[in-house]
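Each chain, written out:
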Amino acid sequence: MDRIYLKARAKINLSLEVLNKRDDNYHNIKSIFQKINLYDEIYIEKNDSNEFKLETNIESLNNTENIIYKAYLKLKEKYDNISGIKIILKKKIPMQAGLGGGSTDCASFIIGINKLFNLNISKNEIEIIGRSLGADVVPCFYNKAVLAEEIGDKITIINSNFKYYIVIVKPNICCNTKEMYDLIDKKNKTSEAVNVSNRIIKGLIENDIGLIANNLYNTFEDVQLENDLIKNIKEKFIKNGAIGSLMTGSGSCVYGIFKDRYMAQETYKKLKIYYETYICTSYNSKRSEKFDW
């Protein structure tokens, strides 16, 4: 195998509880990550050189600070048989939006290199490598709904194949995750939710969209500086038929979930006039493996 193609799927957070700040300056969280059918496309081709080459439609990623390059260096340091590679990255997931675009690209790249060079890295080692590059990388290895705890790297798979419809709005603002956590600390804000994640898990297992929608929660909404804008978008979702709406991650994207495809499509048509808007479904791989390889 000399070339591999991967779909790096975005995620939404159905719940995101920031619990407390740890001694290592990370924060403990409790969050349900739901993969969705919105994805970046990654083509990796190996060659005889010893160089890393990236082609992408996002100019700001053409540098050595991007997370894929950092993952390449870390893997190459550990595994001598990795040669030069050429990557074509077609970004479709908006950046600094709470959809995990960078983390899922990194997770997919690590899995792709493992397959392309027959490295036979254990799943435990892959998680260790992912964790060293970013806390959100670990849950992004899983192409299904998971509960992420501690700093986001303690994973419990949710046994769900529930498909539901999602419309996502990307406001004309970007949110830096570190700055958002700093606001949490500054305002001494932690989760006020009670058992929302457990109820959402029950809804995912039982295909109960109402139970999911009634328990959506994100601590970051309480410290969002553009809170009026976020509230306005959420209200538009509900007005147009969404049964629940939430900001995902540390922002800035806001999503609405819907009982049926028709209502989601109609809402998408209305909102795309005013905003950068996406329509998709939840995604839960049917494969039995720990990771969807």
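Everything quoted here is computed from the prediction, not taken from an experiment.

Rules used in this analysis
- Residues numbered from 1 in each chain as written.
- Predicted model: local features only at pLDDT ≥ 70, side-chain atom pairs only at ≥ 80, totals over all residues.
- Heavy atoms only, no water.
- Phe/Tyr/Trp six-rings, centres within 6.5 Å; stacked < 30°, edge-to-face > 60°.
- Helix = DSSP H or I, 4+ residues; strand = E, 2+ residues; numbered from the N terminus.
- Buried < 20%, exposed > 50% of the residue type's maximum accessible area, 1.4 Å probe, protein only.
- Lys NZ or Arg CZ within 6 Å of the ring centre and 35° of its normal.
- Polar contact = N/O pair within 3.5 Å; in protein donor to acceptor, adjacent residues only side chain to side chain.
- Contact = heavy atoms within 4.5 Å.
- Pairing = 2+ DSSP bridges.
- Core = buried A, V, L, I, M, F, W, Y, C linked by side-chain atoms within 4.5 Å.
- Lys, Arg positive; Asp, Glu negative; His and termini not counted.
- Salt bridge = Lys/Arg side-chain N within 4 Å of Asp/Glu carboxyl O.
- Axes fitted to C-alpha atoms, helices over the stretch in contact; angles between N-to-C directions.
- Left-handed = near helix turned anticlockwise from the far one by under 90°.
- Nonpolar A, V, L, I, M, F, W, Y, C, P; charged D, E, K, R; others polar.
- Expected span 1.5 Å × (residues − 1).
- Arc of directions from axis to C-beta.

**Structural notes on the packing of aromatic side chains**
Next, step 1: A complete count under the given rule lists six aromatic pairs for this structure.
Next, step 2: Taking 4.9 Å as the distance between ring centres and 65 degrees as the angle between the ring planes, the aromatic pair formed by F52 and Y69 counts as edge-to-face. Placement of F52 in strand β3 (residues 52-56) and of Y69 in helix α1 (residues 67-78) is noted, with a sequence separation of 17 residues between them.
Next, step 3: Measuring from centroid to centroid gives 5.1 Å for F52 and Y72, while their planes differ by 45 degrees, and the two rings are tilted. Note that F52 is positioned in strand β3 and Y72 in helix α1, a separation of 20 residues in sequence.
Next, step 4: Taking relative accessible area as the criterion, Y72 reaches 3% and is therefore assigned buried.
Next, step 5: Taken together through their ring pairs, the aromatic side chains of F52, Y69 and Y72 make up a single cluster.
Next, step 6: A cation sits over an aromatic face here: R9 above Y283, 3.6 Å from the ring centre.
Next, step 7: Taking NZ or CZ as reference, K46 lies 5.1 Å from the ring centre of F117, over its face.

**Comments concerning the side chain of D153**
Next, step 1: With respect to the secondary-structure elements, D153 resides in the loop between β5 (146-150) and β6 (154-157).
Next, step 2: Judged by relative accessible area, D153 falls into the buried class, the value being 14%.
Next, step 3: For D153, the side chain forms a polar contact with the side chain of R131, separated by 2.5 Å.
Next, step 4: The contacts of D153, once residues within four sequence positions are left out, are R131 and V138.

**Considerations on the pairing of β5**
Next, step 1: Here five bridges tie strand β2 (residues 27-47) to β5, and the two strands are oriented antiparallel to one another. Its bridge partner being in β5, K30 is matched across the sheet by E149.
Next, step 2: Between β5 and β6, which follow one another and run antiparallel, lie three residues, and G152 among them has a positive phi close to 105 degrees.

**Regarding the nonpolar core**
Next, step 1: Counting residues in hydrophobic clusters, the biggest one holds 38 residues, and the most contacted among them are I44, L75, I85, I87, F109, I110 and I113.
Next, step 2: At seven residues, the largest contribution of residues to this core is made by helix α2 (residues 101-116).
Next, step 3: Residues contacting I44, with those up to four places away along its chain left out, are D2, R3, I4, L6, I85, K86, I87, F109, G112, I113 and L116.
Next, step 4: Grouped together as the second largest cluster of nonpolar side chains are 29 residues, L99, I201, L246 and Y278 included.

**Regarding the side chain of K30**
Next, step 1: In this structure, K30 sits in strand β2.
Next, step 2: Buried and unpaired, K30 has no salt bridge, with E149 as the nearest side chain of opposite charge at 4.8 Å.

**Focus on the packing of α1 against α2**
Next, step 1: Where α1 meets α2, the axes come as close as 9 Å, and the angle between the chain directions of the two elements is 35 degrees. For α1 against α2, the interelement crossing comes out right-handed. Across the interface between the two elements, I67, I68, A71, Y72 and L75 of α1 pack against G102, D105, C106, F109, I110 and I113 of α2.
Next, step 2: Grouping the constituent residues of the contact of α1 with α2 by class yields nine nonpolar, one polar and one charged.

**Some thoughts on the environment of S31**
Next, step 1: Relative to the helices and strands, S31 is located in strand β2.
Next, step 2: For S31 and A148, which are 117 residues apart along the polypeptide, the C-alpha to C-alpha distance reads 5.2 Å.
Next, step 3: Not counting the four nearest positions on each side in its chain, S31 is found in contact with N13, S15, L16, V146, L147 and A148.
Next, step 4: Within the structure, S31 has its side chain in polar contact with the side chain of N13 (distance 2.8 Å).

**Let's talk about α1**
Next, step 1: Between its terminal C-alpha atoms α1 stretches 17 Å, which fits the 16 Å expected from 12 residues at 1.5 Å a residue.
Next, step 2: Within α1 the residues assigned to the buried category are I68, Y69, A71, Y72 and L75. The arc that holds the buried residues of α1, viewed along the axis, is 155 degrees, so those residues lie on one side.
Next, step 3: Among the structural elements, β3, β4 (84-90), α2 and α3 (123-133) are those in contact with the buried residues of α1.
Next, step 4: Where α1 begins, the side chain of N66 points an oxygen toward the backbone nitrogen of I68, at a separation of 3.1 Å.

**Things to note about unusual backbone geometry**
Next, step 1: In this model, G251 is joined to S252 through a cis peptide bond whose omega is 15 degrees.
Next, step 2: Mapped onto the elements, S252 comes out in the loop between β9 (244-247) and β10 (254-258).
Next, step 3: Positive phi, close to 50 degrees, is recorded for N188, a residue that is not glycine.
Next, step 4: Structurally, the position occupied by N188 is in the loop between α5 (177-186) and α6 (196-205).

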